[in-house]
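# Fold and geometry: a report
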Amino acid sequence: MNKVHKAAVLISWGLLAAVFIHLCFKWSSMPETTGVHFDSSGEFDVFASKKYIAYPFVIGVVFLLLLHLAALAVRKARIGLKINSEGETVLRERLMLLIDANRLFISLWAAYWTELVIYQHRLIELPVMIGLMILFVMFFDICRLAFSLRKKYPPDSENIE
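All values derive from a computational prediction rather than experimental measurement.

This part takes up the layout of surface pockets. Empty space within the second largest pocket amounts to approximately 230 Å³. Along its surface, the second largest pocket is lined by His 37, Phe 38, Asp 39, Tyr 55, Trp 109, Tyr 112, Trp 113, Leu 123, Glu 125, Val 128 and Met 129. Broken down by secondary-structure element, the contributors of at least two residues to the lining of the second largest pocket are β1 (33-38), α3 (85-119) and α4 (125-152). Residues that form the lining of the second largest pocket fall into these classes: eight nonpolar, one polar and two charged.

Have a look at this one:
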């Protein structure tokens, strides 16, 4: 699974970098004032300097750094459930998959938003909603899993406090 996590990190950062490079190539041909934010119907509702296109990158970088910290915490912190080490490994792996999915979603979202602003296209909410639904289902599955792990992987008798 370690290769999957490394791939998710590389893909998420690589996607942000690729879209940033694309933006640099398109920068000079873009108007100084451009649509930068969408209303609930997907149309631009805020028009500002094209410098504000960096907003998705700032958010993307901040969230990817926070997700990196979350991954470190998942690897190192005590889980707190009364389960054996095999059960903790199962839960940690599932949590890492959720973090990886969040990494990919954040980078895809930032890339999508930036491309829409570069070409001044309206936002189609369906891809974003599908991504959010997948993340919600994964989170709900981890909550369900945490309860079932206590039965499947009871604590070792010598570790019971």
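Once you've had a look at it, read on.
Before going further, it helps to spend a moment on unusual backbone geometry. In this model, Gln 120 sits at a positive phi of 55°, which is unusual for a non-glycine residue. Secondary-structure assignment places Gln 120 in the loop between α3 and α4.

Moving on, we come to the packing of aromatic side chains. What the rule picks out here adds up to six aromatic pairs. The interplanar angle of 20° and the centroid separation of 6.5 Å between the aromatic rings of Phe 136 and Phe 140 together place this pair among those described as stacked. Placement of the pair is Phe 136 and Phe 140 together in helix α4, with a separation of four residues, close to one helical turn. You can call Phe 140 exposed: its relative accessible area is 54%. Taken together, the ring pairs connect Phe 38, Phe 44 and Phe 47 into an aromatic cluster.

The subject of this paragraph is the pattern of salt bridges. Scanning the entire structure with this criterion turns up six salt bridges. Its salt-bridge partner being Arg 92, residue Glu 88 comes within 3.2 Å of it at the nearest N-O pair. With Glu 88 and Arg 92 both in helix α3, this residue pair falls four residues apart, about one helical turn. For Glu 88, a relative accessible area of 21% translates into the label partly exposed. Take Arg 92: its relative accessible area is 16%, and that puts it in the buried class. Here Arg 144 ties to Asp 141 by a salt bridge, and the two come within 2.7 Å at their closest N and O atoms. Within this pair, Arg 144 and its partner Asp 141 are both found in helix α4, separated by three residues, close to a single helical turn. A relative accessible area of 44% means that Arg 144 is categorised as partly exposed. On the accessibility criterion, Asp 141 (23% relative accessible area) is partly exposed. A single salt-bridge network, built from bridges that share partners, covers Arg 94, Asp 141 and Arg 144.

The next point concerns the packing of helix α1 (residues 2-26) against helix α2 (residues 55-76). Closest axis-to-axis distance for the α1/α2 pair is 11 Å, and the angle between their directions is 165°. Judged on the interaxial angle alone, α2 and α1 are roughly antiparallel. The chirality of how α1 crosses α2 is left-handed. Along its contact with α1, which presents Ser 12, Trp 13, Leu 16, Val 19, Phe 20 and Leu 23, the element α2 presents Phe 57, Gly 60, Val 61, Leu 64 and Leu 65. Looking at the contact of α1 with α2, its residues break down into nine nonpolar, two polar and no charged.

About the cut-offs
Residues numbered from 1 in each chain as written. Predicted model: local features only at pLDDT ≥ 70, side-chain atom pairs only at ≥ 80, totals over all residues. Heavy atoms only, no water. 1 Å grid on protein atoms, 1.4 Å probe; cavity = no way out; pocket = protein on both sides within 12 Å on 5 of 7 lines; lining within 4 Å. Points joined across faces, edges and corners; volume = space filled by probe spheres on them. Helix = DSSP H or I, 4+ residues; strand = E, 2+ residues; numbered from the N terminus. Nonpolar A, V, L, I, M, F, W, Y, C, P; charged D, E, K, R; others polar. Phe/Tyr/Trp six-rings, centres within 6.5 Å; stacked < 30°, edge-to-face > 60°. Buried < 20%, exposed > 50% of the residue type's maximum accessible area, 1.4 Å probe, protein only. Salt bridge = Lys/Arg side-chain N within 4 Å of Asp/Glu carboxyl O. Axes fitted to C-alpha atoms, helices over the stretch in contact; angles between N-to-C directions. Parallel < 35°, antiparallel > 145°, perpendicular 65-115°, else oblique. Left-handed = near helix turned anticlockwise from the far one by under 90°. Contact = heavy atoms within 4.5 Å.

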